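Results of the structural survey
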Amino acid sequence: SGLSQEAGSVEQLSLHCAEGSLEWLYPTGALRLRLAPRLPPTSAAVKGGSPPHITACIKPTGTFRGAQLYLEREGVLELLLPEAPRPRARCFSWLPQEKVALFLQATPHPDISRRIAAFRYELRGDWLARPALPAASTSAEGACRPCNDTEILMAICTSDFVIRGSIRSVSNDAELQESIIGVSATRIHRQKFPLFQAGGQAGRPVGSIRTPLRCGVKPGPGTFLFTGWLHFGEAWLSCAPRYRDFQRIYEGAQRTRQNPCEFPVD
């Protein structure tokens, strides 16, 4: 609570957890939040790829008031969230040797009405295959590029969900700049949380997967292998090859003993 802070003071905090939330009542002065996630060994970059990055995403609540949030990178401030922002996520990445922090600064108001600056956050190593970040990301270059064979093989081993199925529908949210893909699953290979549940035709599990609107996803026939990540409780697409293409890639990797993990192929 800002009521326990002195006017003009800056409180120092460290965020270590992979995800969590912060709620600041009656914002006064400022909070400086050091980003120091505890990264697992698997957060290293894929062999032969670029140096490992760390990724953070911030999503304000719909009632975010009384402060503005800045990204502090090597002493330079960049505005991430103005006061009363739209409730969409902002993401950014940095190298481990870079110094980054979040600077949450209270905005002056003539009255003392109750304001709450609250947001959820996620901190993690580089999303191994190729992160599918929301359209508001500050570092989502290449998010619409089709995955190559290596990325597909890594995605089936490391993703939060791996679902075989077909596209039921595609709807677009212009305000959030997101496309929502309705998926009917024929087989759930893995899901860390119950994203897909029974309720479709013939009792098949159904669910939705999001991707940036600019990727221009269109509904189409055929069976796909959908992979991706959980992002603030929602499924975000990473790689989605046609299943027959995935079979060819996986069987080829098996023959040369280059598949990074075992996966059931039929």
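What you see is a predicted model, and the numbers here were worked out from it, not measured in a lab.

1. Observations concerning the confidence of the model for the chain
With 86% of its residues at a pLDDT of 70 or more, the chain shows a mean pLDDT of 83. In the predicted structure, residues 42–48 sits below a pLDDT of 50 and forms 12 contacts with residues beyond four places in sequence or in another chain. Note that pLDDT drops below 50 for residues 128–141; the model gives that stretch 53 contacts with residues more than four away or on any other chain.

2. Some thoughts on the state of the cysteines
Per the counting criterion, the structure on display carries three disulfides. The disulfide partner of cysteine 57 is cysteine 91, and the gap between their sulfur atoms is 2.1 Å. Here cysteine 57 and cysteine 91 share a disulfide; its torsion about the S-S bond, 110°, makes the bridge right-handed. Note that cysteine 57 is positioned in strand β4 (residues 54–60) and cysteine 91 in strand β7 (residues 90–94), a separation of 34 residues in sequence. The exposure classification of cysteine 57 matches that of cysteine 91, with both residues buried. Here cysteine 157 is linked by a disulfide to cysteine 261, with a sulfur-sulfur distance of 2.0 Å. An S-S torsion of about -90° defines the bridge between cysteine 157 and cysteine 261 as left-handed. One end of the pair, cysteine 157, is in helix α1 (residues 149–158); the other, cysteine 261, is in the segment after α2 (243–255), and 104 residues separate them in sequence. With relative accessibility at 21%, the residue cysteine 261 sits in the partly exposed group.

3. A short note on the environment of leucine 195
Relative to the assigned elements, leucine 195 resides in the loop between β11 (178–191) and β12 (197–198). In the structure, leucine 195 is positioned 35 residues away from leucine 230 in sequence and 9.1 Å away in space, judged by C-alpha atoms. Beyond its immediate sequence surroundings of up to four residues, leucine 195 is in contact with Phe161, Val206, Gly207, Leu230, Gly233 and Ala235.

4. A word on the packing of aromatic side chains
All told, the structure shown has six aromatic pairs when counted by the stated rule. Between the aromatic rings of phenylalanine 246 and phenylalanine 263, the centroid separation amounts to 5.2 Å while the plane-to-plane angle is 85°, which identifies the pairing as edge-to-face. Of this pair, phenylalanine 246 sits in helix α2 while phenylalanine 263 sits in the segment after α2; the two residues are 17 residues apart in sequence, bridging distant segments of the chain. Owing to a relative accessible area of 0%, phenylalanine 246 belongs among the buried residues under this scheme. One aromatic cluster is present, built from ring pairs that chain together Tyr243, Phe246, Tyr250 and Phe263.

5. Considering the packing of α1 against α2
Where α1 meets α2, the axes come as close as 10 Å, and the angle between the chain directions of the two elements is 90°. Taken as axis vectors, α1 and α2 run roughly perpendicular relative to one another. Between α1, through Asp149, Ile152, Leu153 and Ile156, and α2, the contact on the second element is made entirely by Phe246, Ile249, Tyr250 and Ala253. For the contact of α1 with α2, the class distribution of residues is seven nonpolar, no polar and one charged.

6. Examining the nonpolar core
Of all hydrophobic cores here, the largest spans 25 residues; its most connected members are Leu35, Phe92, Leu102, Leu104 and Phe119. For this core, the secondary-structure elements that each account for two or more residues are β2 (19–25), β3 (30–35), β4, β5 (67–73), β6 (76–81), β7, β8 (100–106) and β9 (116–125). When residues no more than four places from it in sequence are discounted, the contact partners of leucine 104 are Leu22, Trp24, Gly29, Ala30, Leu31, Phe64, Ala67, Gln68, Leu69 and Phe119. Residues Cys147, Leu153, Phe246 and Phe263 belong to the second largest nonpolar core, which totals 14 residues.

Parameters at a glance
- Residues numbered from 1 in each chain as written.
- Predicted model: local features only at pLDDT ≥ 70, side-chain atom pairs only at ≥ 80, totals over all residues.
- Heavy atoms only, no water.
- pLDDT = per-residue confidence, 0-100.
- Contact = heavy atoms within 4.5 Å.
- Disulfide = S-S within 2.5 Å.
- Helix = DSSP H or I, 4+ residues; strand = E, 2+ residues; numbered from the N terminus.
- Buried < 20%, exposed > 50% of the residue type's maximum accessible area, 1.4 Å probe, protein only.
- Phe/Tyr/Trp six-rings, centres within 6.5 Å; stacked < 30°, edge-to-face > 60°.
- Axes fitted to C-alpha atoms, helices over the stretch in contact; angles between N-to-C directions.
- Parallel < 35°, antiparallel > 145°, perpendicular 65-115°, else oblique.
- Nonpolar A, V, L, I, M, F, W, Y, C, P; charged D, E, K, R; others polar.
- Core = buried A, V, L, I, M, F, W, Y, C linked by side-chain atoms within 4.5 Å.

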